[in-house]
Amino acid sequence: MTTKAFVLLTAAIAFGSVSGYAQDGGWPAYGGAPGGGHYGTSAQIDRGNVARLRPAWTHRTGDLARYQAGARAASYEVTPIYANETLYACSTFNRIIAIDPGTGNETWSFDPHAGLVSDPPQATICRGVAYWQAGDPAPGAPCQKRVFKGDRMGRMFAVDADTGMACVDFGAGGVVDLTRPEAGGTGRIVMTSPPAVVGDVLVIGGSVGDNIAADSPDGVIRALDVRSGALIWRIVTVPPELSAATGGADVWPPFSIDVDRNMAFIATGSPSVDVYGAGRTADIPYANAVLAIDAATGAVKWHRQIVRHDLFDYDLPDQPHLVDIVRDGVAIPAVVQITKMGTVFVFHRDTGAPLFPIEDRPVPASDVPGEAAAPTQPIPLKPAPFSAQTLDPEQIFGLTPWDRGKCRETLAQFRYEGPFTPPSERGSLIFPSPGGGGNWGGAAYDPARNRLIVKAQNFAFTAKLIPVPEAERRNDPNARAAPGTMSRYMEGTPYRIQGTRWLSPFGVPCNPPPWGELAAIDLASGEFVWRRTVGQVPFGPFKLLKSPAAWGSPVIGGPIVTAGGLVFMAATTDPVFRAYDIDTGVELWAAELPAPGMSVPMTYVHRGRQYVVIAAGGSILADTPLGDWLTAFALPE
């Protein structure tokens, strides 16, 4: 460790930054700790020995066979947690699974469709579960340790962490239906990310779906009692006077807990519908915002809106990371929020004051009848954007002069006026795309180096609003779009949205590479320490070749950082798990996976041995092969 790193780490410990992490090498929450950060405290695996990592065990959920038998597929994106000397994970068909951390064998599994819930299971994304244990356990009583998981029907389940049996005192026999009024519901929600635990309170978000209906269910943030499931408080993110006209402003990524302050930090999404806002021109301050919430009362202590009147599907995509930034030897409690626009916002955790300057910049106006795009958007001056921001017509990409020319032809057809170009009836290019820039799981923080590690993808997306005659507006309102596209009538609007990636006739992006990157940012200065391309795209006839490394790959998922000076990340469309030197970005290790690992890894120490775990499940969004593998790597014994 360098002298500078030692000083930073010493200051961080003194001011409590590292105290929020699991000092025993655990991983008790989705982000590694309640406050996020994706940081593993064990240094057993380090830069000197990482090349010796080998597979230790593999667990399979069995879901891949169900997909092949005709069931609807979903991406396997879970990040397990390590608590109670057990790994806890979830499957795409709604099972909660307890796994032996040393062997990968299932200890127990809970399937609500085997008795607690009668409707047949449908595949959906599950990124993780939450864990709680009683501070004053009753001797011999069940459910003194609990695992919580939500599903795609708006139900929250609680099970005994030791046995996998339903906690019957929670809600109705172990389940709370969050769509019901007594549970604070405004309609059906889908829970892909885990809830969070703070004390004896379970904080819950949920998604309502993109571009389906103007008057979708309103976004709700709520807290339940971890034992009874009773509603403690709720926040509706849409103002009451707009509830009949719009909805959304939901919470689909994970969120973070400051245990010492008893606060929840939550990132919200777009009002509905995402790409057309003529019916929601009034302010919705809790949409596309970071909210700092008192976990005891539900009072919003402060909020900062990051996208105004969102027309771009620019939900905040990653959990807010609670870190202590060290400046001149002083630790400042901060909240770090990455965006789909490829920007990083850093706020003081107590006040919401920006820790780097932010300026309002003019953005293009909408030409859609009745629409009123926000005239300005807030842009941080530091750090600089971590993804590409503009498209240069002279740098349009193609494999040949012919397909490059076709890309230029389509560019001439679309409206494009730089960042925040709104959708149009002509068709617009949205760049960065609604997939990012930054997306879920996209950042990690190293407290020893005061450094943010963030991934980026560089893609353009097309968005065209197609007028639909009133007589045709009810036809197939919820048609499922093909991977990488969105095309459906948006109920309650005069339009169908047609959107897709901007690709050449050969299926490669028209915007120039690199298409996937990884970068390190010093959060004291806001300057980049290094950046590099990541991944290679399956390419050529039958996708048997790999693209040049300089092109990079689309990235879904994200990195973790360890005390051993390593960054671990898969996330790319090629099925490879990699480790990088956190000081230089140099790749130090790589291992083939059975499917792309488009998820967020985790690490833990069990019985003296450090493991690094990644879900290899591919992605329906990236149209990759899918899988149901959870693979652990460790040093040879």
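In what follows, the structure referred to is the one given above.
Since the model is a prediction, treat every value here as computed from it, not as a measurement.

K.L.:
Can you help me understand the side chain of D294 in this one?
P.N.:
Within the secondary structure, D294 is located in strand β17 (residues 289-294). Here D294 falls in the buried class, since its relative accessible area comes to 16%. Here the side chain of D294 touches T297 through a polar contact of 3.3 Å, landing on its backbone nitrogen. Once residues within four sequence positions are removed from consideration, D294 is found in contact with W233, N262, A299 and K301.

K.L.:
Would you take a moment to explain the sheet that holds strand β6 (residues 106-110) for this structure?
P.N.:
Two strands in a sheet stick together by hydrogen bonds in their backbones, pointing the same way (parallel) or opposite ways (antiparallel). Spatial strand order, β3-β4-β5-β6: four strands in an open sheet with antiparallel pairing. Because the sheet does not close on itself, it has two edges, and the strands there are β3 (81-83) and β6. The average undirected angle you get between the axes of adjacent strands in this sheet is 25°. Pairing between β3 and strand β4 (residues 86-90): three bridges, direction antiparallel. Residue pairing for β4: A83 is matched across the bridge by T86.

K.L.:
What should I look at first to understand the pairing of strand β16 (residues 263-267) in this one?
P.N.:
In terms of burial, β16 is a largely internal element, five of the five residues being buried. Where burial is concerned, the two faces of β16 agree: the one with M263, F265 and A267 and the one with A264 and I266 are both buried. Hairpin connection, strand β15 (residues 256-258) to β16: the antiparallel pair is bridged by four residues, and N262 has positive phi, about 55°. Bridge count for β16 against β17 is five bridges, and the pairing is antiparallel. Pairing of A264 across the sheet is with I293, part of β17.

K.L.:
Can you help me understand the state of the cysteines in this one?
P.N.:
In a disulfide, the sulfur atoms of two cysteines are held together by a covalent bond. Tallied over the entire structure, the rule returns three disulfides. Paired through a disulfide, C90 and C126 show a sulfur-sulfur distance of 1.9 Å. In this structure the cystine formed by C90 and C126 twists about its S-S bond by roughly -95°; its chirality is therefore left-handed. Taken as a pair, C90 in strand β4 and C126 in the loop between β6 and β7 (130-133) lie far apart in primary sequence, 36 residues in all. Overall, the relative accessible area of 0% leaves C90 in the buried class. Put simply, C407 and C510 are joined by a disulfide, and their sulfur atoms are 2.0 Å apart. When the S-S torsion is -70°, as for the bridge of C407 with C510, the disulfide is left-handed. Pair noted here: C407 is in helix α3 (residues 401-413) and C510 is in the loop between β29 (495-501) and β30 (516-522), with a separation of 103 residues, a long-range link. Assigned by exposure class, C407 and C510 land together as buried. By sequence order of its bonded cysteines, the protein chain has the disulfide arrangement 1-2, 3-4, 5-6.

K.L.:
Just to check I follow, could you spell out the sheet that holds strand β37 (residues 587-592) for this structure?
P.N.:
With mixed pairing, the five strands of this open sheet are ordered in space as β1-β34-β35-β36-β37. Single-partner strands in this sheet number two, and they are β1 (39-40) and β37. The pairing of strand β35 (residues 566-569) with strand β36 (residues 576-581) spans four bridges and is antiparallel. Residue F568 lies in a different strand from β36, and its bridge partner there is A579.

K.L.:
Help me out: how do you make sense of a nonpolar patch on the surface in this one?
P.N.:
A surface patch of nonpolar side chains, amounting to about 320 Å² of accessible area, comprises L399, W402 and F506. Positionally, L399 belongs in the loop between β23 (376-380) and α3. On the basis of relative accessible area, L399 is assigned to the partly exposed category, the value being 34%.

K.L.:
What exactly am I supposed to notice about the packing of aromatic side chains here?
P.N.:
Each pair of aromatic rings is reported with the distance of its centres and the angle of its planes. Applying the stated criterion across every chain, the model contains 23 aromatic pairs. Taking 6.1 Å as the distance between ring centres and 45° as the angle between the ring planes, the aromatic pair formed by Y88 and W108 counts as tilted. In this pair, Y88 is assigned in strand β4 and W108 in strand β6, connecting sequence segments 20 residues apart. Among the residues examined, Y88 registers a relative accessible area of 0% and is labelled buried. Residue class for W108 comes out buried when judged on its relative accessible area of 9%. Where W589 meets F633, the ring centres are 5.3 Å apart and the plane angle is 80°; that geometry is what we call edge-to-face. Of this pair, W589 sits in strand β37 while F633 sits in strand β40 (residues 629-634), placing them 44 residues apart in sequence. Judged by its relative accessible area of 6%, W589 falls in the buried class. Taken together, the ring pairs connect F265, W302, F345 and F347 into an aromatic cluster. Geometry around F93 places R66 over its ring, the cationic atom sitting 3.9 Å from the centre.

Reading the values: rules and limits
- Residues numbered from 1 in each chain as written.
- Predicted model: local features only at pLDDT ≥ 70, side-chain atom pairs only at ≥ 80, totals over all residues.
- Heavy atoms only, no water.
- Helix = DSSP H or I, 4+ residues; strand = E, 2+ residues; numbered from the N terminus.
- Buried < 20%, exposed > 50% of the residue type's maximum accessible area, 1.4 Å probe, protein only.
- Polar contact = N/O pair within 3.5 Å; in protein donor to acceptor, adjacent residues only side chain to side chain.
- Contact = heavy atoms within 4.5 Å.
- Pairing = 2+ DSSP bridges.
- Axes fitted to C-alpha atoms, helices over the stretch in contact; angles between N-to-C directions.
- Disulfide = S-S within 2.5 Å.
- Patch = residues over 30% accessible without salt bridge, like charges linked within 9 Å, V, L, I, M, F, W, Y side chains within 5 Å.
- Areas by Shrake-Rupley, 256 points an atom, 1.4 Å probe, with all protein chains shown as cover.
- Salt bridge = Lys/Arg side-chain N within 4 Å of Asp/Glu carboxyl O.
- Phe/Tyr/Trp six-rings, centres within 6.5 Å; stacked < 30°, edge-to-face > 60°.
- Lys NZ or Arg CZ within 6 Å of the ring centre and 35° of its normal.

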